[in-house]
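Each chain, letter by letter, is given below.
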Amino acid sequence: MSNSVPGARSTSPLHSVSVAGAVVREDGRLLAIRRADNGTWELPGGVLELGETPQEGVVREVLEETGVRVEAGQLTGVYKNLARGIVALVFRCRPVGGDERTSDEAVAVEWLTPAEVRERMTEVYAVRLLDAMEGAGPHVRAHDGQRFVS
């Protein structure tokens, strides 16, 4: 069936769009969370909700997960998990208030150095913060959940 017919069922795979904040403090440290569900270190973020802009979504997600209020800035990267059909939009953000705290989704919230990011995060998450620090972009990358693919 054609995708242009209202109510028609698509045979195309579904994708999820998520947003994440590469929150950079004035001293160059980066905001990271340790996820409650799997224990991995990642950027704060989550699924973009219907009716909100990507910038609104990243501000909401960072606040919900970390207690830190941010201002969303430049889009620094678009990352697709080919295995799960997730497209992640990463924005460089500036902290503007709030206090770090854990949440139902984050068992730890820390400001990491770039070296600590490389040590604690898998490549596919660390590069999102490191791309944002670089300033050039936006970067467009695809991965299989573990490693980047060309």
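Here's what I pulled together on the structure shown here. (Residues numbered from 1 in each chain as written. Predicted model: local features only at pLDDT ≥ 70, side-chain atom pairs only at ≥ 80, totals over all residues. Heavy atoms only, no water.)

**Structural notes on the pattern of salt bridges**
Then, number 1: The final tally for this structure, using the stated rule, is twelve salt bridges.
Then, number 2: Measuring nitrogen to oxygen at the nearest pair gives 3.4 Å for the salt bridge that ties Arg29 to Glu116. Taken together, the positions of Arg29 in the loop between β1 (16-23) and β2 (30-35) and Glu116 in helix α2 (residues 114-120) put the pair 87 residues apart, joining distant regions of the chain.
Then, number 3: Take Arg29: its relative accessible area is 27%, and that puts it in the partly exposed class.
Then, number 4: For Glu123, the salt bridge is made with Arg147, and the minimal N-O distance between the two is 3.7 Å. Taken together, the positions of Glu123 in helix α3 (residues 123-134) and Arg147 in the loop between β8 (139-143) and β9 (148-149) put the pair 24 residues apart, joining distant regions of the chain.
Then, number 5: The exposure class of Arg147 is exposed, given its relative accessible area of 54%.
Then, number 6: Through salt bridges with shared partners, one network takes in Glu49, Glu52, Arg60, Glu61 and Glu64. (Salt bridge = Lys/Arg side-chain N within 4 Å of Asp/Glu carboxyl O. Helix = DSSP H or I, 4+ residues; strand = E, 2+ residues; numbered from the N terminus. Buried < 20%, exposed > 50% of the residue type's maximum accessible area, 1.4 Å probe, protein only.)

**Structural notes on the pairing of β2**
Then, number 1: The pairing of β2 with strand β7 (residues 106-112) spans six bridges and is classified as antiparallel. Its bridge partner lying in β7, Leu30 is registered against Leu112.
Then, number 2: In this sheet, strand β3 (residues 41-42) lies alongside β2 in antiparallel orientation, the contact comprising two bridges. Residue Arg34 lies in a different strand from β3, and its bridge partner there is Trp41.
Then, number 3: Hairpin connection, β2 to β3: the antiparallel pair is bridged by five residues, and Gly39 has positive phi, about 75°. (Pairing = 2+ DSSP bridges.)

**Comments concerning the side chain of Arg60**
Then, number 1: Here Arg60 is to be found in helix α1 (residues 54-66).
Then, number 2: A polar contact is formed between the side chain of Arg60 and the side chain of Glu61, at a distance of 3.0 Å.
Then, number 3: With residues up to four places along the chain from it excluded, the contact list for Arg60 reads Val47, Glu49 and Glu52. (Polar contact = N/O pair within 3.5 Å; in protein donor to acceptor, adjacent residues only side chain to side chain. Contact = heavy atoms within 4.5 Å.)

**Topic: the layout of surface pockets**
Then, number 1: Of the volumes computed, that of the largest pocket is approximately 580 Å³.
Then, number 2: Considering the residues around the largest pocket, the lining is formed by 30 residues, among which Arg35, Glu42, Arg84, Ile86 and Tyr125 are closest to the centre.
Then, number 3: Within the residue set of the lining of the largest pocket, elements represented by two or more residues are β1, β2, β3, β4 (45-47), β5 (68-81), β6 (86-98) and α3.
Then, number 4: At four residues, β1 tops the list of elements feeding residues into the lining of the largest pocket.
Then, number 5: In terms of residue class, the lining of the largest pocket is made up of eleven nonpolar, eleven polar and eight charged. (1 Å grid on protein atoms, 1.4 Å probe; cavity = no way out; pocket = protein on both sides within 12 Å on 5 of 7 lines; lining within 4 Å. Points joined across faces, edges and corners; volume = space filled by probe spheres on them. Nonpolar A, V, L, I, M, F, W, Y, C, P; charged D, E, K, R; others polar.)

**Topic: the sheet that holds β8**
Then, number 1: Spatial ordering of the open sheet is given by β4-β1-β6-β5-β8-β9, a layout of six strands whose pairing is mixed. Of all strands in the sheet, those with a lone pairing partner are β4 and β9, marking the two edges.
Then, number 2: When β5 meets β8, the two strands line up parallel, connected through five bridges. In the strand pairing of β8, Gly77 is matched with His139.
Then, number 3: Of the strands in this sheet, β1, β4, β5 and β6 touch α1, which is tilted by about 110° from β5.
Then, number 4: Its contacts with the sheet place α3 against β1, β5, β6, β8 and β9, and it is angled at close to 175° to β8. (Axes fitted to C-alpha atoms, helices over the stretch in contact; angles between N-to-C directions.)

**Quick look at the sheet that holds β2**
Then, number 1: Taken in spatial order, the three strands make up an open sheet running β3-β2-β7, and their pairing is antiparallel. The strands lining the two open edges of the sheet, one partner per strand, are β3 and β7.
Then, number 2: Relative to the sheet, α1 contacts β2 and β7, its axis offset from that of β2 by approximately 60°.

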